[in-house]
Amino acid sequence: MGFREINSKMIEATVAPGQRLFSQRGAMLAYKGEVGFTPNLRGGQGGVMSMIGRRVANEDTPLMTVEGNGTVLFGHGGHHIQVINLAGDTLYVEADRLLAFEGTLEQGTVFLGAQGGVMGMVRGQVSGQGLFTTSLKGHGAVAVMAHGGVIELPITPQRPVRVDPQAYVAHHGDVRNKLSTALGWRDMVGRGSGEAFQLELSGSGAVYVQASEEKL
């Protein structure tokens, strides 16, 4: 199926019999043909555990399952949309930035603290970002949202990338994440982004960064 970019804020998806898409609730702008939209309480292919992760992350709104025969236009809040095509690898994306993805992808929920330790937890509690990130694995297309556009930055073993946590959108590859701070613990109180925190991504892969720190 795949997604066709109409402009920077709208994509078109083709829905065929026997295939399905998952989208964020409220993302459908228009559609043609015999297409149905139903709430997906199981959280995509991730099942119950994926849904538990979403609820712990205060994401009570279920995904929508999109099935039928036709085309659908997706967009949300006038945000910039970036289409990422996966060829067997895994994409990690902030759940609130996930617009739509193909049903061929396996969805999971990743606790950021698993890689970043205590500092990974600090990221969620102090910076305002979620503790949980959605993982999508396999072959298929993913559409993510961002403020003001997205740039893809390569990550190499010789050149890690440091990102403001609130500018982070997604990453893929053999990458580890670690949150560090340039300030002392007393100075961190009340500060959620900018120079106070840096999300360091090291290894081999790429990270997608939005042009604004504004939350969706």
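All values reported here derive from a predicted model rather than from experimental measurement.

A. Looking closely at the overall build of the chain. What the chain contains, in helices and strands, is three helices and 13 strands. When the 216 residues of the chain are sorted by exposure, 50% land in the buried category. A separation of at least 24 residues holds for 80% of the contacts in the chain among residues at least 6 apart in sequence.

B. Spatial organisation of the pattern of salt bridges. Within this structure, the stated rule accounts for two salt bridges. Glu 200 is the salt-bridge partner of Arg 162, the closest N and O atoms lying 3.3 Å from each other. Of the two residues, Arg 162 is situated in strand β11 (residues 161-163) and Glu 200 in strand β13 (residues 197-210); the sequence distance between them amounts to 38 residues. The exposure class assigned to Glu 200 is buried, which follows from its relative accessible area of 16%.

C. Quick look at the environment of Lys 32. When you line up the elements, Lys 32 lands in strand β4 (residues 28-40). By relative accessible area, Lys 32 is classed as exposed at 58%. Sequence separation between Lys 32 and Thr 71 is 39 residues, and the spatial gap between their C-alpha atoms is 5.3 Å. Not counting residues within four places of it along the chain, the set of residues in contact with Lys 32 comprises Asn 69, Gly 70 and Thr 71.

D. Molecular detail of the pairing of strand β7 (residues 98-102). A large share of β7 lies buried, amounting to five of its five residues. Sheet analysis places strand β3 (residues 20-23) next to β7, joined by three bridges and oriented antiparallel. Residue Phe 22 lies in a different strand from β7, and its bridge partner there is Phe 101.

E. Summary view of the side chain of Ser 135. Summarising the element assignment, Ser 135 is placed in strand β9 (residues 132-146). The class for Ser 135 is buried, based on a relative accessible area of 12%. Every residue in contact with Ser 135, bar those within four places of it in the chain, is listed here: Thr 90, Leu 91, Tyr 92, Glu 106, Gln 107, Gly 108, Thr 109 and Val 110.

F. Representation of the environment of Met 28. Its place among the elements puts Met 28 in strand β4. Placed 72 residues apart in sequence, Met 28 and Ala 100 show a C-alpha to C-alpha distance of 9.7 Å. The residues contacting Met 28, other than those within four sequence positions of it, are Phe 37, Val 72, Leu 73 and Phe 74.

G. How the structure looks around the environment of Met 64. Structurally, the position occupied by Met 64 is in strand β5 (residues 63-74). Under the relative-accessibility criterion, Met 64 is labelled buried at 12%. Met 64 sits 42 residues away from Phe 22 along the chain, and the two C-alpha atoms are 5.5 Å apart. Excluding its chain neighbours within four sequence positions, the residues that come into contact with Met 64 are Leu 21, Phe 22, Ser 23, Arg 25, Phe 37, Thr 38, Pro 39 and Asn 40.

H. View of the confidence of the model for the chain. Scored by pLDDT, the chain comes out at a mean of 79, with 69% of its residues at no less than 70. Least confident of the elements in the chain is helix α2 (residues 113-126), whose mean pLDDT is 44; most confident is strand β2 (residues 10-15), at 96. Of the regions scoring below 50 in pLDDT, residues 46-61 engages in 24 contacts with residues more than four places distant in sequence or in other chains. Segment residues 113-130: pLDDT under 50, and 46 contacts once partners within four positions in sequence are set aside and those in other chains are kept.

Basis of the calculations
- Residues numbered from 1 in each chain as written.
- Predicted model: local features only at pLDDT ≥ 70, side-chain atom pairs only at ≥ 80, totals over all residues.
- Heavy atoms only, no water.
- Helix = DSSP H or I, 4+ residues; strand = E, 2+ residues; numbered from the N terminus.
- Buried < 20%, exposed > 50% of the residue type's maximum accessible area, 1.4 Å probe, protein only.
- Contact = heavy atoms within 4.5 Å.
- Salt bridge = Lys/Arg side-chain N within 4 Å of Asp/Glu carboxyl O.
- Pairing = 2+ DSSP bridges.
- pLDDT = per-residue confidence, 0-100.

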